[in-house]
Amino acid sequence: DRIDTQIDENRPEDRPEVLAALQALVPPTRAEAGCRRFELNTGIDGDSALYLVEIWDSATDLTAHHALPHTIAAAKVIEGKLLAETEVVRMSASS
């Protein structure tokens, strides 16, 4: 499975806190079973959104990731700081 997540724009005053929470999430997530890729990207050319690109071995691994303390902690920091609903795009490799 490959999951691409867009973390929509956040209020400018909250951006440092949201970005720090997501940056702190990267190292422990990369060490999780089933995580093949987990990266945080920022938009360019005026795009202020944050993007997570994730590749997991299975949906079970992804579900386990969402239940871990570091993921829950990051979600609590981000909660209420986004200007729109987070968009999650699920994909699978076709080649």
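Our structure's up above, just so we're on the same page.
Now for a look at the structure at hand. (Residues numbered from 1 in each chain as written. Predicted model: local features only at pLDDT ≥ 70, side-chain atom pairs only at ≥ 80, totals over all residues. Heavy atoms only, no water.)

## What about the overall build of the protein chain?
Okay, so step 1: Summing up its helical and strand segments, the protein chain has three helices and four strands in all.
Okay, so step 2: Since a compact globule built from 95 residues should have a radius of gyration of about 12 Å, the 13 Å found for the protein chain is in line with a globular shape.
Okay, so step 3: If one aligns the C-alpha atoms of the protein chain with their principal axes, the spans along those axes are about 35 × 30 × 20 Å.
Okay, so step 4: Across the 95 residues that make up the protein chain, the buried fraction comes to 34%.
Okay, so step 5: Expressed as a percentage of contacts within the protein chain between residues at least 6 apart in sequence, the contacts between residues at least 24 apart total 67%.
Okay, so step 6: For the protein chain, the exposed surface amounts to about 5,700 Å²; the carbon and sulfur share of it is 54%. (Helix = DSSP H or I, 4+ residues; strand = E, 2+ residues; numbered from the N terminus. Rg over C-alpha atoms; globule rule 2.2 N^0.38 Å. Buried < 20%, exposed > 50% of the residue type's maximum accessible area, 1.4 Å probe, protein only. Contact = heavy atoms within 4.5 Å. Areas by Shrake-Rupley, 256 points an atom, 1.4 Å probe, with all protein chains shown as cover.)

## Description of the nonpolar core
Okay, so step 1: Residues Leu22, Phe38, Leu40, Leu50, Leu52 and Trp56 are the most contacted members of the largest nonpolar core, which totals 15 residues.
Okay, so step 2: Those elements that place two or more of their residues in this core are β1 (2-7), α1 (15-30), β2 (35-42), β3 (50-56) and α3 (69-78).
Okay, so step 3: Apart from residues no more than four positions distant in its own chain, Leu40 is found in contact with Leu19, Leu22, Gln23, Val26, Leu50, Tyr51 and Leu52. (Core = buried A, V, L, I, M, F, W, Y, C linked by side-chain atoms within 4.5 Å.)

## A closer look at the environment of Ile72
Okay, so step 1: If you trace the backbone, Ile72 turns up in helix α3.
Okay, so step 2: Put simply, Ile72 and Ser94 are 22 residues apart on the chain and 32 Å apart in space, counted from C-alpha to C-alpha.
Okay, so step 3: Setting aside residues no more than four positions away along its own chain, Ile72 makes contact with His66 and Ala67.

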